[in-house]
Amino acid sequence: MRIARFSIDGNVAFGAVEGEGPDGLVLDIIKGIPYAEFELSGTKVPLSKVRLLPPVLPNKVVGIGRNYAEHAAELGNEVPDVPVAFFKPTTSVIGSGDAIEYPSFSNELHHEAELAVVIGRMCREVPRERVKDVIFGYTCANDVTARDAQKREKQWARAKGFDTSCPLGPWVETDLDPSDLTIQATVNGEQRQLGRTSDMIRSIEDLVVHITEAMTLLPGDVILTGTPAGVGPLHVGDEVAVTIEGIGTLTNKVIKRG
């Protein structure tokens, strides 16, 4: 099931996305929140009549760096012995169609197409065999990075945590095998990244176990699983799209921070 979060007439709701094609999609409004048992209201609105919001409002976004060998190599980095984890704050999260604001402290902004894992229940110290039980679903992400700041600053908080640096969307797909999906990024229609989730160095199970050894994850929290090779520059006016097989396309335009 595809679960979207949207606003219409000043109200925010969740809905199940039904139909196919850009003109045939409708939202069946959900009663309650999707992390618990819920019912579909039967009240349907065309997707074209609503504004899509970030599909979740995470308490935290945990990013994983250098989880694809070719991406590590293209930036001159070794594959780390353990997963490299970092945080993106909630203020970095935007939805599909929202603008990425080019930060004033950077001259080298990069796109990073990623599969995002959405957590569905509070969990800590999750054993490998229970990982699937704590996952709500999957969505597209763009781990937008100020690469020059990342190079000169030992911590990645500013480089990866600035406002609008974490586009998520367009919705969460709850019924999906994430083990071997095509993931790609285009800029102004030109393909930049093309990889498969099967090329991850560490699996989703590995990442959830590793992260929950240290911290509690809450419903709606997001794990970014790393990006394949092909990252590259973004400029003001560019339109960047992240497409993942079985989920959909996340699209954002880059604007000057005003």
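The following paragraphs examine the structure supplied in this document. (Residues numbered from 1 in each chain as written. Predicted model: local features only at pLDDT ≥ 70, side-chain atom pairs only at ≥ 80, totals over all residues. Heavy atoms only, no water.)

## Notes on the sheet that holds strand 18 (residues 232–234)
Okay, step 1: Strand order across the open sheet formed by 3 strands is 13-10-18, with antiparallel pairing between neighbours. The open sheet terminates on both sides in strands that have one partner only, identified here as strand 13 (145–146) and strand 18.
Okay, step 2: As paired elements, strand 10 (residues 109–111) and strand 13 share 2 bridges and run antiparallel to each other. Each bridged residue has a counterpart across the sheet, and for His 110 the counterpart in strand 13 is Thr 145. (Pairing = 2+ DSSP bridges. Helix = DSSP H or I, 4+ residues; strand = E, 2+ residues; numbered from the N terminus.)

## Looking at the nonpolar core
Okay, step 1: Counting residues in hydrophobic clusters, the biggest one holds 40 residues, and the most contacted among them are Leu 27, Tyr 138, Ile 223, Ile 244 and Ile 247.
Okay, step 2: Of all the secondary-structure elements, those providing two or more residues to this core are strand 1 (2–8), strand 6 (61–65), strand 11 (113–119), helix 2 (131–134), strand 12 (135–142), strand 15 (182–187), helix 5 (204–212) and strand 19 (239–244).
Okay, step 3: Looking at which element gives the most residues to this core, the answer is helix 5, with 5 residues.
Okay, step 4: The residues contacting Leu 27, other than those within four sequence positions of it, are Ala 4, Phe 6, Gly 15, Ala 16, Val 17, Thr 43, Lys 44, Val 45, Leu 47 and Val 50.
Okay, step 5: Ranked by size, the runner-up nonpolar core spans 16 residues in total, among them Ile 3, Val 118, Val 222 and Leu 224. (Core = buried A, V, L, I, M, F, W, Y, C linked by side-chain atoms within 4.5 Å. Buried < 20%, exposed > 50% of the residue type's maximum accessible area, 1.4 Å probe, protein only. Contact = heavy atoms within 4.5 Å.)

## A few points about helix 5
Working note: α-helix, 3.6 residues per turn, so residues spaced by three or four point in the same direction.
Okay, step 1: Burial in helix 5 covers these residues: Ile 204, Leu 207, Val 208, Val 209, Ile 211 and Thr 212.
Okay, step 2: If you follow the buried residues of helix 5, they end up packed against strand 6, strand 11, helix 2, strand 12 and strand 17 (222–224).

## Description of the sheet that holds strand 16 (residues 190–196)
Okay, step 1: Reading across from one edge, 9-20-19-15-16 is the order of the 5 strands in this open sheet, with mixed pairing throughout. Strands with a single pairing partner mark the edges of an open sheet, and in this sheet they are strand 9 (99–102) and strand 16. Each neighbouring strand pair of the sheet contributes to a mean axis angle of 20 degrees, computed without reference to strand direction.
Okay, step 2: Looking at chain direction, strand 15 and strand 16 are connected through 6 bridges and run antiparallel. Note that in strand 16 the partner of Thr 186 across the bridge is Gln 191. (Axes fitted to C-alpha atoms, helices over the stretch in contact; angles between N-to-C directions.)

## Examining the pattern of salt bridges
Okay, step 1: This model, assessed by the stated rule, comprises 16 salt bridges.
Okay, step 2: Salt-bridge contacts for Lys 44 lead to Glu 18; the nearest nitrogen and oxygen are separated by 3.0 Å. Here Glu 18 lies in strand 2 (residues 11–18) and Lys 44 lies in strand 4 (residues 39–46), a separation of 26 residues in the sequence.
Okay, step 3: Measuring nitrogen to oxygen at the nearest pair gives 2.7 Å for the salt bridge that ties Asp 143 to Lys 160. You can see Asp 143 sitting in the loop between strand 12 and strand 13 and its partner Lys 160 sitting in helix 4 (residues 157–161), a full 17 residues away along the chain. (Salt bridge = Lys/Arg side-chain N within 4 Å of Asp/Glu carboxyl O.)

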